[in-house]
Structures are given as structure tokens and as C-alpha cells.
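Architecture at a glance
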Amino acid sequence: MARDYSRFLPTTPGGSTRTTTLSTLERLGWQPFFAQQTSVEDLARTPAVRVTEVHRDRLRVQGADFDGTIPFRPDVTVGDWLLYDRDRPAASRLLGRKSLLKRRAPGTGRQIQLIAANADTAFIVSSCNQDFNRARLERYVSVVREAGVAPVILLTKPDLCPDPQRYAAEAGTIAGDIPVVLVNALGDQPKAALADWCRSGSSVVFLGSSGVGKSSLLNALSGRPVAATRAIREHDDRGRHTTTGRRLHLLPDGCAVFDLPGMRELQLVDAGGGIASLFADLDSLARRCRFRNCGHETEPGCAVRAAVEAGEVDAARLARWRKLVREERFNSASLAERKAKDRAFGKAVRTILKQKEQERR
Ligand SMILES: Nc1nc2c(ncn2[C@@H]2O[C@H](COP(=O)(O)OP(=O)(O)OP(=O)(O)O)[C@@H](O)[C@H]2O)c(=O)[nH]1
Ligand SMILES: [Zn+2]
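Residues numbered from 1 in each chain as written. Chains lettered and ligands numbered in written order. Predicted model: local features only at pLDDT ≥ 70, side-chain atom pairs only at ≥ 80, totals over all residues.

1. A word on the domain arrangement of the chain
We apply this condition: Domains are outlined according to an automatic or database domain assignment. The contact criterion used is a C-beta to C-beta distance within 7 Å, with each C-beta placed from the backbone. When residues are sorted by character, Ala, Val, Leu, Ile, Met, Phe, Trp, Tyr, Cys and Pro go into the nonpolar class, Asp, Glu, Lys and Arg into the charged class, and all the rest, Gly among them, into the polar class.
Segmentation of the chain into domains returns domain 1 (6-94), domain 2 (100-259) and domain 3 (279-361). Of the residues lining the interface, 14 residues belong to domain 1; the matching set on domain 2 comes to 18 residues. Looking at side-chain class alone, the side of domain 1 that touches domain 2 contains 4 nonpolar, 6 polar and 4 charged residues.

Structure follows, in C-alpha cells:
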């Protein structure tokens, strides 16, 4: 990223360097939402900086005329805004987030991992081939909406498919208000096709399975190879995991793109609100079930099953919804809750064993 040297240039009469300084911040994604949390005095004392890279031990932060590092902090992720404290960088104030993508960390601890903060738009990328999976798209849409990010569905590889419109039509029925874009990630289409969302000062992220073209899209937008695509990585003896740091690429036209190697496949976490909004009809039907915790399977007085039987609700859609809700419940149950359940189960087992023991005597 080029430093902003405008403050070293003579100011034009009537103008001030302040506007140029501000525009550098705006290029980094500074928006009224963040400015509202600060004051002119705050900013003079502790300038606003954005976290543009996350490494194991440090964070790279960039501001209007600052580009440096601060020690790693677990409560901060790429895309966050901080008020940089020169005297105690590690104590820099974290500004409230516009959006936050997070996931359950893989492994047994299943802690929450912060992935990317303050993204405006998430491109949910899928290809016009066997990768296309409606349930998975719905899952992504739920996660993204719950995170406070606006979803856009991108369908890549239309050039390799005899009937790409079929995929676009199917994706269009997931939710009427989510834009669906067919785009060849390898050609010169991406810039124009994504221009509505990749505006100066906005932050976007590509999410989706491996191989759908996320790196290719990022490269197409930046006009040069910034992300190693799979075709290249496969010929690279250093292997696939050469770039593990998460970062924010600042494109020449002022749009910021998250690059999240190995983190783009999200597990549902706290996506309840997103699922409810995507399946609003089923969600409101479920409120009319006799039992509040109805599983919509065999329970009597189930309004959801009644609607399926009446042909008002598609059974496959109900199945996808149930799966999403189940997965979300599992992922969102805190570790403590799960431990409590395990303990209760252990206790029940011990009670039964004791009873059996007594019966035998
Ligand atoms: N023909 C065609 N090939 C594409 C398109 N998009 C991506 N590819 C190819 O598909 C392969 C995977 O693309 P990548 O951009 O590396 O995919 P990715 O989503 O970044 O993959 P991961 O980094 O593994 O998550 C590469 O060989 C690309 O050249 C497209 O729209 N059309
Ligand atoms: Zn029910």
C-alpha cells in the first residue's frame, strides 16, 4: 500500500490537507458509522487505523499517514478499526463493528474465531457445476446476514456450462432480494460485473468452497495477481498453505477486499436470525405449532407439517430448514452447555447402574 504523502505537498489556497487525509482514511473504508464513535479530539490524540493484516504475533495497522504493527490481540481481527495509542499501542481502543464474520474454530474446544470485521458485502461464490448446492448457499446467506453483511450470490464458470441461466434462476429463488450475478472469473468481466458493490471506501469479501474462483476474482479486481490461485499453487512446491495470514487488500480504485486463506468456509454460528429471515414463512408457521419446541416431525398439532401436507410448503425446503436449525443449535450451544449435558448424561447413567445393582441384590 502506498503511503499518503499528500500532507507533505503544499496545500491549495482555501483547501486544507484535512480533506486529503480524510480521503485516505475513506479509501481504507472509514465511514460515518465509525466517525460517530469518536470526536475530533479523540482522533487528534489517537488517530484511526484499520487492521489490514493479522499474523500469529502481530497486526498490521494502516491509517491516514501511518503504516505500522501492533502486538497481536485476540479481540481484534482483520478489518477492525482502532484508535491508535502511540504510547501504548496494545491498548488502542477498538471501535464498534458494523459487521462481524465469525466461526467455530475447528477442533474440540470449538472457540469462536473472529474472521473479518466491517465487511459491507459478502460475495457468496459458487460455480455453475456440481459445486452448486442450494442448501449450502442458504447456509452462507444465513451466516452472512446474521453477521450484518449484505449477501450477493456470484456464480462462476458460466463459460464451462451449457446452461448457466438455470443456475442463476435457481439461486434467484433463495431470497428475492439477494442479487445473483453470473461471472467468468477468468475474463475481464469481474470489474464491471461487481462495480455496484466494489466501490471506493467499501469492503467486500469472497466466501465459498475451495476451487470456485475466489482468488481468481480477487486477482481480476486488482488487475494483478495478488492471491495465488489454485492452478498456480498446485505447481508451487511450497504447497497450498504458503499464505496463511488474513489480510485486507486495498485495490487501486479504493475498494478493500478481504483475503482469508483457509477461512472462507464458514460453520454456522449464531446464525439464528439469518436463518429466520431466510425462512420467515416457516419460522412464523412454527410459532403456531402446539409445542414451543416442536421438531416438526411427528408431534401432534404441528402447523409446519400441516402446511406441507396441504401443499403450501415444499417438503425439501422444510428438510433444509430443519437441518440448518439443528446445525445452528449444535454450533451455538456453548461449551458450558454441552459440558452440563454431558454431566447430566453421566449422572443418569450412574443412577441406572445403581438401580440395576440394587435390583441384583
Ligand atoms: N473457466 C473458468 N475457470 C475458472 C473460473 N473461475 C475460476 N476458474 C479456475 O478454477 C480454479 C480454481 O480457482 P481459484 O480462484 O483458485 O479458486 P478459489 O476459490 O480461490 O480456491 P481456494 O483458494 O482453494 O479456496 C483455477 O484453475 C481457476 O483458473 C471461471 O469463471 N471460468
Ligand atoms: Zn411443528
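2. Structural notes on helix α7 (residues 214-222)
Each full turn of the α-helix corresponds to 3.6 residues, which orients residues three or four apart in the same direction. Just so we agree on the cut-off: Buried residues are those with 20 or more other C-beta atoms within 10 Å of their own C-beta, exposed residues have 12 or fewer, and partly exposed residues lie in between; C-beta atoms are placed from the backbone. Under the scheme used here, helices are H or I runs from DSSP no shorter than 4 residues and strands are E runs no shorter than 2 residues, and both carry numbers assigned from the N terminus.
The buried fraction of α7 amounts to 8 of the 9 residues, a majority that puts the element mostly inside the structure. Against β8 (121-127), α6 (189-193), β11 (203-207), β12 (246-250) and β13 (256-259) lie the buried residues of α7. Backbone geometry just after α7 places Gly223 at a positive phi near 75 degrees.

3. Focus: the pairing of β13
Let me state the cut-off plainly: A pair of strands is treated as paired once DSSP finds two or more bridges between them.
The alternating pattern of β13 places Ala256 and Phe258 on one face and Val257 and Asp259 on the opposite face, and all of these are buried. Bridging between β11 and β13 involves 3 bridges; their strand directions are parallel. Counterpart to Ser203 in the pairing with β13 is Ala256. Joining the antiparallel neighbours β12 and β13 is a turn of 5 residues, in which Gly254 adopts a positive phi near 90 degrees.

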